[in-house]
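# Fold and contact review
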Amino acid sequence: MIDATTAFPPARGSSGERLATAAVWSSALLVVGVSVWMLGGLFWQGAGRINWAFLTTEPANAGRSGGIAPMLASTVLVLGVALAVSVPLGLGAAVLLAEFTDSGSVFGRLVRRSLDVLAGVPSVVFALFGNALFCQYLGLGYSILAGGLTLACMVLPVLIRATEEGFRAVPEDYRRAAAALGMSRTGTLWHVLLPAAAPGLAVGLVLGIGRVLGETAALLFTSGYVDRMPESLLDSGRTLSVHIYDLSMNVTGGDANACATAVVLVVLLLVVNAAAGWIARHWMRGKRISE
Amino acid sequence: MSAGSYFEVSDMSLHYGAKCAFESVVMSVPRGEVTALIGPSGCGKTSFLNCLNRLIDLAPGARVTGSVRAGGLDLYAPTTDLLALRRRIGMLFQKPNPFPLSIRRNLELPLREHGIRDKRRLEETVEHALRDVGLWEEVKDRLDRPALQLSGGQKQRLCLARALVLEPEALLMDEPCSALDPLASAVVEDLIKRLRGRYTLLVVTHHLAQARRLADHVGLFWMLEGRGKLIEWGPAGQIFEAPREALTAEYVRGRQG
Amino acid sequence: MSPSAKDRLLLGVLRGCAALAGLLVVVIAAFLILESVPAFRNVGWTRFFSDPAWHPAPRAEAGQFQMLPMLAGTLAVMAGAVLLATPLGVLSAVFCRYYAPPALGNAYRRLIELLSGIPSVVYGFWGLVTLVPLINQVRPPGASLLAGVLVVAIMILPTVALMADGALAQVPQEYLRAAAALGLSRWTTVRAVVLPAAKYGLFTGVMLETGRAIGETMATLMVCGNIVRFPQSVFDPVRTLTANIALEMAYALGDHRSALFASGLLLLVLIVMLAGAAEWIGGEPARD
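Here the structure is a predicted model, which means the values were calculated and not measured.

### Notes on the packing of aromatic side chains
- Across all of its chains, the model carries 13 aromatic pairs over all chains by this definition.
- On the numbers, 4.8 Å between centres and 85 degrees between planes, the contact of Trp25 of chain A with Phe95 of chain C is edge-to-face. Here Trp25 of chain A, found in helix H2 (residues 15-46), pairs with Phe95 of chain C, found in helix H3 (residues 68-99), and the two come from separate chains.
- What makes Trp25 of chain A partly exposed here is its relative accessible area of 32%.
- Residue classification places Phe95 of chain C among the buried residues on the basis of a relative accessible area of 3%.
- Judged by centre distance (6.3 Å) and plane angle (70 degrees), the ring pair of Trp45 of chain C and Phe49 of chain C falls under edge-to-face.

### So, the interface of chain B and chain C
- Contacts between the two partners involve 27 residues from chain B, matched on the other side by 20 residues from chain C.
- Approximately 1,900 Å² of surface area, both sides summed, lies buried where chain B meets chain C, with 63% of it carried by carbon and sulfur atoms.
- Among the residues of chain B in contact with chain C, Phe99, Pro100 and Glu113 of chain B are the three that bury the most area, contributing 26% of the side total.
- The interface formed by chain B and chain C holds one salt bridge in total.
- The partner of Glu174 of chain C in a salt bridge is Lys95 of chain B, with the nearest N and O atoms 3.0 Å apart.
- Secondary structure elements with two or more residues in the side of chain B that touches chain C: helix H2 (82-88), strand E6 (89-92), helix H3 (103-113) and helix H6 (152-164) of chain B.

### Things to note about the pattern of salt bridges
- What the rule picks out here adds up to 31 salt bridges over all chains.
- Among the ionic pairs, Arg161 of chain A bridges to Asp116 of chain A, the shortest N-O distance being 2.9 Å. Separated by 45 residues along the polypeptide, Arg161 of chain A in helix H7 (residues 144-168) and Asp116 of chain A in helix H5 (residues 106-120) bring together distant segments of the chain.
- Through salt bridges with shared partners, a single network forms among Glu127, Arg131, Glu137 and Lys140 of chain B.

### A look at the domain arrangement of chain C
All names here are of chain C.
- Once the domains are mapped, chain C shows domain 1 (24-66 + 251-283) and domain 2 (67-248).
- Inter-centroid distance (C-alpha atoms) of domain 1 to domain 2 is 27 Å.
- Each side of the interface is counted separately: domain 1 has 23 residues, and domain 2 has 19 residues.
- Here domain 1 packs against domain 2, burying approximately 1,800 Å² in sum over the two surfaces, 78% of which is carbon and sulfur.
- Of all residues in domain 1, Trp54, Leu267 and Leu274 bury the most surface against domain 2, accounting for 30% of the area lost on that side.
- Remark: the boundary between domain 1 and domain 2 carries seven residue pairs in polar contact (both at pLDDT 80 or more).

### Side note on the interface of chain A and chain C
- Contact residues are listed per partner, giving 84 residues for chain A and 85 residues for chain C.
- Of the roughly 7,000 Å² buried between chain A and chain C on both sides combined, carbon and sulfur atoms contribute 79%.
- Between the two partners, chain A and chain C, sit one salt bridge.
- Between Arg113 of chain A and Glu279 of chain C there is a salt bridge; the shortest N-O distance is 3.0 Å.
- On the surface where chain A and chain C come into contact, there are 11 residue pairs in polar contact (both at pLDDT 80 or more).
- Sorting elements by how many residues they give to the side of chain A that touches chain C places H2 of chain A first, with 18 residues.
- Among the residues forming the side of chain A that touches chain C, the class breakdown is 60 nonpolar, 18 polar and six charged.

### Observations regarding unusual backbone geometry
- Following Pro140 of chain C, the chain continues to Pro141 of chain C via a peptide bond in cis, the omega torsion being 10 degrees.
- Phi is positive for Asp11 of chain B, close to 50 degrees, though the residue is something other than glycine.
- One can find Asp11 of chain B in strand E1 (residues 5-16).
- What makes Asp11 of chain B partly exposed here is its relative accessible area of 45%.
- Despite not being glycine, Ser24 of chain B shows a phi value in the positive range, around 50 degrees.
- Locating Ser24 of chain B in the fold gives a position in strand E2 (residues 19-30).
- Given a relative accessible area of 41%, Ser24 of chain B falls into the partly exposed group.

### Describing a nonpolar patch on the surface
Residue and element names in this part refer to chain A.
- Together, Phe43, Val267, Leu270 and Val271 make up a nonpolar patch on the protein surface, roughly 290 Å² of accessible area in all.
- When residues in the nonpolar patch are grouped by element, the largest group, three residues, is from helix H12 (residues 255-290).
- The residue Phe43 is located in helix H2 in this model.
- Note on Phe43: relative accessible area 31%, which makes it partly exposed.

### Digging into helix H7 (residues 173-181) of chain C
- Looking at H7 of chain C, one finds that the buried residues are Tyr175, Leu176, Ala178, Ala179, Ala180 and Ala181 of chain C.
- Buried residues along H7 of chain C sit against H2, E6 and H6 of chain B together with H3 and helix H8 (186-197) of chain C.
- Of the residues trailing H7 of chain C, Gly183 of chain C is marked for its positive phi of about 70 degrees.

### Thoughts on the packing of helix H11 (residues 240-250) of chain A against helix H5 (residues 120-138) of chain C
- Two elements in contact, H11 of chain A and H5 of chain C, have axes separated by 9 Å at closest approach and are oriented at 20 degrees. By the criterion of interaxial angle, the relationship of H11 of chain A to H5 of chain C is roughly parallel. The way H11 of chain A lies across H5 of chain C gives a crossing that is left-handed. Where H11 of chain A approaches H5 of chain C, its residues Ser241, Ile244, Tyr245, Ser248 and Met249 of chain A are matched on the opposing element by Val121, Val122, Phe125 and Leu128 of chain C.

### So, the nonpolar core
- Counting residues in each nonpolar core, the largest one holds 263 residues, and the members touching the most others are Phe7, Phe48, Phe99 and Leu130 of chain B.
- Ranked by the residues each element gives to this core, the list is headed by H3 of chain C, at 16 residues.
- Each of domain 1 (24-66 + 251-283) and domain 2 (67-248) of chain C gives at least three residues to this core.
- Setting aside anything within four residues of it in sequence, one finds Phe48 of chain B in contact with Val9, Met12, Phe22, Val25, Met27, Leu37 and Phe221 of chain B.
- Ranked by size, the runner-up nonpolar core spans 15 residues in total, among them Leu208, Trp222, Phe240 and Tyr251 of chain B.

Cut-offs applied
Residues numbered from 1 in each chain as written. Chains lettered and ligands numbered in written order. Predicted model: local features only at pLDDT ≥ 70, side-chain atom pairs only at ≥ 80, totals over all residues. Heavy atoms only, no water. Phe/Tyr/Trp six-rings, centres within 6.5 Å; stacked < 30°, edge-to-face > 60°. Helix = DSSP H or I, 4+ residues; strand = E, 2+ residues; numbered from the N terminus. Buried < 20%, exposed > 50% of the residue type's maximum accessible area, 1.4 Å probe, protein only. Contact = heavy atoms within 4.5 Å. Buried area = accessible area lost by both parts, 1.4 Å probe. Salt bridge = Lys/Arg side-chain N within 4 Å of Asp/Glu carboxyl O. Domains from an automatic or database assignment. Polar contact = N/O pair within 3.5 Å; in protein donor to acceptor, adjacent residues only side chain to side chain. Nonpolar A, V, L, I, M, F, W, Y, C, P; charged D, E, K, R; others polar. Patch = residues over 30% accessible without salt bridge, like charges linked within 9 Å, V, L, I, M, F, W, Y side chains within 5 Å. Areas by Shrake-Rupley, 256 points an atom, 1.4 Å probe, with all protein chains shown as cover. Axes fitted to C-alpha atoms, helices over the stretch in contact; angles between N-to-C directions. Parallel < 35°, antiparallel > 145°, perpendicular 65-115°, else oblique. Left-handed = near helix turned anticlockwise from the far one by under 90°. Core = buried A, V, L, I, M, F, W, Y, C linked by side-chain atoms within 4.5 Å.

Structure follows, in structure tokens:
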């Protein structure tokens, strides 16, 4: 790789050059400044309220005081439903696209194209769809199940793409070796390809978890915003992100707890994203060296 | 025909980290003549060439010691203006690398960069440069088409024209014909011959016949104990007819490398 | 079961998964169309653009269904955010690769990745408690088109910055070597060689961020003020199509609900058109 910072000196004494350098640096500084302003502000105001009691008690006074235990539980449940549905489906689709479809096949191209469109569909459109199909036609009402199913549809493209890349990263030799041993395709898939493609699956999974945790609009009218501890998947449940929205928009004096909840959510997401980065860097690299 | 030397290389070595690419090269490249650097691949010729316009700065971890003067200017002095330096010493690469822009823009870009804005003058210079490399008749109707649509040989001639518009004093060429088919290669070789006298030309090649046809002076690089060395250096007649080193004799007779 | 029968079963199951995943977008479109039918039949699509205002009611004849101000809100927020975020994002990527020392560039990239993972409701919350009061001091009410533009711009900036960074990384090294050998300065190299060479990647990044800006719900819902009116200035509150759905879906019935689905369909059409335009304009020609 060429290190451009040493390879291309700025022109001496050129005012255009100086202007460009100033513009580039000030853009970067602006972005850093806004990030620090936003994240720093959130943590500054919110972190102090977070303690064990905040995480384990029910909200009181419409959320102005008390904790976020039911929201954590609902978030975990919605996440569980979404993954339980989308992972098998996404894995199956990814295996088909990566292992059993020629790159030129019409079916493969159609599925990929449609997944690309799906990835760009706004979350509020998923919400409309989820409300119509799961809440009304299937009669699930505002429930964690309906919310989870809606999010399963949403994360499917992310999951499939990452998993498919995981399969494509598996060296061709593995497949040839397995075929030479007379293994069936099913056997090859289970015992050779799936373990080798696991990092891709893991990255997809982590990205999917990130999207589910942060999603709000798609849940507003699928899983709803009842703030009690859910007792079954058919109960309505309020996730952390919906809690932030509701406290800040509909509850005067809810900002402090909204801010603390936002900090909890951001920290959760940071952990998840760090995990994704870690898997992508270390696990994949380890695999490549061992090849 | 020699009017003194253009490049004065004294005791120059290049290291990438702990690895030595070549060491202790001493050479003076005559002004206005064609000098060929020959030798097997991987013996430091291309790295050496890259040290002469400081393009070696692009390689991470490269460290140059010793000194090089070009037309009296110390290349590695801390005060050297890198941009002005590279303007004075042009370069042609092994793989033709026109920018993904139009033919005209490829030539105008370096001109504008170096302060020529006048439209008439730009057009004249572009035409002149294209005529110089025999490309004008082939492309005059499609100057605004993408340069990447040209054939390999045309691309390489465009790159040559792009280097020449800046009116450099010297031109470094890194195996300029090896990525081209024989016909295109012959065209580029002819051009190099025509440039003799106007520019100081330094050509890396591992095509011995080409070196014989082109060069006034020849240097042989060789890998000894993992380090590139300049084995022998002298007029073409000496290298090809009466080499002083046994290794040179074997190489030019085709027994080595 | 014999191995080959197992293989056939497996293939069948996998085909089923892929077909289901591929059909999902069709199913979604079908549901939106199905649910919008009552609105199109009872209200009629011309009334979406010709009614005096947006005062929806469960029965078509009792309400007014003018959507244009909200479409204008969506487009205004999108245009402003894209205009702000694109240069900042591209310059951010240029900073990472051509101006910052490598260690700083990597740290900066990490920050952008971090920003890209922050959910829109958090951006919205920050905008609501920080930006809106600030704008309110300049010109009340604060919750405004300007607030929406700023928050959405910050939100989509990581998308375009990361895409641009990837596109710059793909620029062939031979162009950089040629530029260096010609003595081109840093900014000329970036402006005249690198950015044109990366234009397809940059274009894709802009299309992606535009899609996100159109579809963004929470941030606009929280900071735009949600008043259905054509904005006269950037300080006026607006309501976007997405925010409208989120606001009214919870209680909408009958034709009103159906009209919301119709507006969702409109959003979907906008997104598909955008993807189509991206493909049509930005299809990268094969390089030799």
